[in-house]
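Here is what each chain is made of, one letter per residue.
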Amino acid sequence: MKESLPVFVGIDVSKAELVVATAGQPGSQCIANDNASIAQWLNTLPANAALAMESTGRYHQQVLTLALAAGLRAYVLNARDVYFYAKGLGSRAKTDALDAQVIARYLAEHHASLHPWQAPPAVIEQVQRLLGQRSVVATKRAALRECLQGEHTAPAALAEPLQALEDAFADLLRGMERRITQLLETAPELSQRRALLQSIVGVGPQTSALLVGLLARLPFASADALVAYSGLDPRASDSGKSRGRRRLSKRGPPLIRRQMFLAAMSASHTKTFKGMYQKLRDRGLASTEALVVLARKLLRIAFAVWKTQMPFDASRFLANTA
């Protein structure tokens, strides 16, 4: 019996609804973004259906979880890839229905090179959510500091409530960090892996927790794959004999790039990596460029530590780079 061709479904996700379209079929339909409506719609799909959507923070999680429970393949696409794909198609408008059709067409053409989404362990999922929330809190605190301590400083009468606000931010961040540690301690292997990652100079509690969540969830084949996923890989722009300026691909989650950049800033002041950083600066690289190179190096070291389950040996690293 001849096997039927797979059905490729694109989903444009918003807080209130899902707009879905099927590759090769005109039109679209809207489905409420709630468990009952999604489950009812999934029951109408054939067993060989494949679904794809862009990451939308948390609004796409329901349909992913229910699709996996229904035995369907689901993919989370890189929004930048879909954006440039739509431009290549010559799209002259942008609506939810058109976005769903573009996603469905992208999945139909590229599904062979994509990896189906898999639910991470509950501990990893909670850690990732907390890390994302912590990043938002830290960013908002920095923005408030800049606003209130800039050129136009706040009146002295506001000093006490501002200090109370600063203390509240600090308490909230410490509470999040304690909760992350508690969650990882419920999984001894993950806690041990985190300790190994913290042996890398410049990698602290937050960076190590982020790396544990990333490396435990995605089985990267090589250090190059990890760097590429992070978006810290340089993108070539050459033509003939002309060598264009290298720019970061920025394909992966921004939180990874931000955290690795902060880790590189910390590492650049240490005995282990200060020499490497200075050599990069002596070659004419700007400080940001040198820190990006160092961030890539830290990612490669983290991959090696994760794979070998051996701590980072700073003395050996210095000997090899002498």
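What counts and how
- Residues numbered from 1 in each chain as written.
- Predicted model: local features only at pLDDT ≥ 70, side-chain atom pairs only at ≥ 80, totals over all residues.
- Heavy atoms only, no water.
- Salt bridge = Lys/Arg side-chain N within 4 Å of Asp/Glu carboxyl O.
- Pairing = 2+ DSSP bridges.
- Helix = DSSP H or I, 4+ residues; strand = E, 2+ residues; numbered from the N terminus.
- Buried < 20%, exposed > 50% of the residue type's maximum accessible area, 1.4 Å probe, protein only.
- Axes fitted to C-alpha atoms, helices over the stretch in contact; angles between N-to-C directions.
- Phe/Tyr/Trp six-rings, centres within 6.5 Å; stacked < 30°, edge-to-face > 60°.
- Lys NZ or Arg CZ within 6 Å of the ring centre and 35° of its normal.
- 1 Å grid on protein atoms, 1.4 Å probe; cavity = no way out; pocket = protein on both sides within 12 Å on 5 of 7 lines; lining within 4 Å.
- Points joined across faces, edges and corners; volume = space filled by probe spheres on them.
- Nonpolar A, V, L, I, M, F, W, Y, C, P; charged D, E, K, R; others polar.
- Expected span 1.5 Å × (residues − 1).
- Contact = heavy atoms within 4.5 Å.
- Parallel < 35°, antiparallel > 145°, perpendicular 65-115°, else oblique.
- Left-handed = near helix turned anticlockwise from the far one by under 90°.
- Patch = residues over 30% accessible without salt bridge, like charges linked within 9 Å, V, L, I, M, F, W, Y side chains within 5 Å.
- Areas by Shrake-Rupley, 256 points an atom, 1.4 Å probe, with all protein chains shown as cover.
- Lys, Arg positive; Asp, Glu negative; His and termini not counted.
- Charge placed at Lys NZ, Arg CZ, Asp CG, Glu CD.

Chemist: Is there a simple way to think about the pattern of salt bridges in this case?
Modeler: For side chains bearing opposite charge, pairing can occur when the charged atoms are close. Within the structure shown, the criterion is met by 10 salt bridges. Salt bridges linked by common partners bring Arg141, Arg145 and Glu166 together as one network.

Chemist: Could you clarify how one ought to interpret the pairing of strand β3 (residues 29-32) in this entry?
Modeler: Sheet analysis places strand β2 (residues 17-22) next to β3, joined by 4 bridges and oriented antiparallel. Each bridged residue has a counterpart across the sheet, and for Val20 the counterpart in β3 is Gln29. Where β2 folds back onto β3 in an antiparallel hairpin, the turn is made up of 6 residues, including Gly24, whose phi is positive at roughly 85 degrees.

Chemist: Quick question: what am I supposed to make of unusual backbone geometry here?
Modeler: Negative phi values dominate among residues other than glycine, just as trans dominates among peptide bonds. Its identity as a non-glycine residue notwithstanding, Lys250 has a phi of 50 degrees, on the positive side. With a relative accessible area of 46%, Lys250 lands in the partly exposed category.

Chemist: Help me understand the sheet that holds β2 in this model?
Modeler: Strand pairing in a sheet relies on backbone hydrogen bonds. The paired strands run either parallel or antiparallel. Spatial strand order, β3-β2-β1-β4-β5: 5 strands in an open sheet with mixed pairing. Every interior strand has two partners, whereas the edge strands, β3 and β5 (73-77), have only one. Geometrically, the sheet is characterised by an average inter-axis angle of 30 degrees between neighbouring strands, direction not taken into account.

Chemist: Got a minute to help me understand the packing of aromatic side chains in this structure?
Modeler: Each aromatic ring pair is described using two quantities: the centre-to-centre distance and the angle formed by the ring planes. Taken as a whole and assessed by the stated rule, the structure comprises 6 aromatic pairs. Relative to Phe84, the ring of Tyr83 lies with its centre 5.1 Å away and its plane at 70 degrees, an arrangement referred to as edge-to-face. Overall, the relative accessible area of 48% leaves Tyr83 in the partly exposed class. When its relative accessible area of 47% is taken as the criterion, Phe84 is described as partly exposed. Taken together, the aromatic side chains of Phe273, Phe312 and Phe317 make up a single cluster linked through ring pairs. Above the plane of the ring of Trp306 lies Arg193, whose end atom (NZ or CZ) is 4.2 Å from the centre.

Chemist: Can you help me understand the layout of surface pockets in this one?
Modeler: The space that makes up the largest pocket amounts to roughly 2300 Å³. Ser55, Val76, Arg217, Tyr229 and Pro253 are the residues nearest the centre of the largest pocket, which is lined by 50 residues in total. Counting only elements with at least two residues in the lining of the largest pocket, the list comes to α2 (61-69), β5, α3 (79-88), α4 (96-110), α5 (122-148), α8 (205-217), α9 (223-230) and α10 (254-267). For the lining of the largest pocket, the element with the most residues is α5, which contributes 8 residues. Considered class by class, the residues forming the lining of the largest pocket number 25 nonpolar, 16 polar and 9 charged. In this structure, the second largest pocket spans a volume of roughly 490 Å³. In terms of lining, the second largest pocket is formed by 14 residues, of which the most central are Arg246, Arg247, Leu248, Glu289 and Val292.

Chemist: What is the right way to look at empty space enclosed by the protein in this model?
Modeler: Where empty space is left can be seen by rolling a probe of water-molecule size over the atoms. On inspection of all chains with the given rule, the structure shows 1 cavity of 30 Å³ or more. Considered as a void within the structure, the largest cavity measures approximately 60 Å³ in volume. Every residue lining the largest cavity is listed: Leu131, Arg134, Ser135, Gln206, Leu210, Leu255, Arg258 and Gln259. Across the lining of the largest cavity, the residue classes tally to 3 nonpolar, 3 polar and 2 charged.

Chemist: It is not clear to me how α10 should be interpreted in this structure. Could you clarify?
Modeler: Each full turn of the α-helix corresponds to 3.6 residues, which orients residues three or four apart in the same direction. Across its 14 residues, α10 extends 20 Å between first and last C-alpha, which sits within 8% of the 20 Å expected from 1.5 Å per residue. Where α10 is concerned, the buried positions are Ile256, Arg257, Gln259, Met260, Ala263, Ala264 and Ala267. Packed against the buried residues of α10 are α8, α9, α11 (271-282) and α12 (287-308).

Chemist: Looking at this structure, I do not really get the packing of α5 against α8. What am I missing?
Modeler: Helix-helix packing: each pair is described by the crossing angle between the helix axes and the interaxial distance. In the contact formed by α5 and α8, the axes pass within 10 Å of each other and the chain directions differ by 140 degrees. As judged from the angle between their axes, α5 and α8 are oblique. Crossing handedness for the pair α5 and α8: left-handed. Residues Ile124, Val127, Gln128, Leu131 and Arg134 of α5 lie in contact with α8, whose contacting residues are Gln206, Ala209, Leu210, Val212, Gly213, Ala216 and Arg217.

Chemist: What should I look at first to understand a positive patch on the surface in this one?
Modeler: Together, Arg80, Arg235, Arg245, Arg247 and Lys250 give the surface a local cluster of positive charge. Considering the arrangement of structural elements, one finds Arg245 in the loop between β8 (242-243) and β9 (247-248). Owing to a relative accessible area of 60%, Arg245 belongs among the exposed residues under this scheme.

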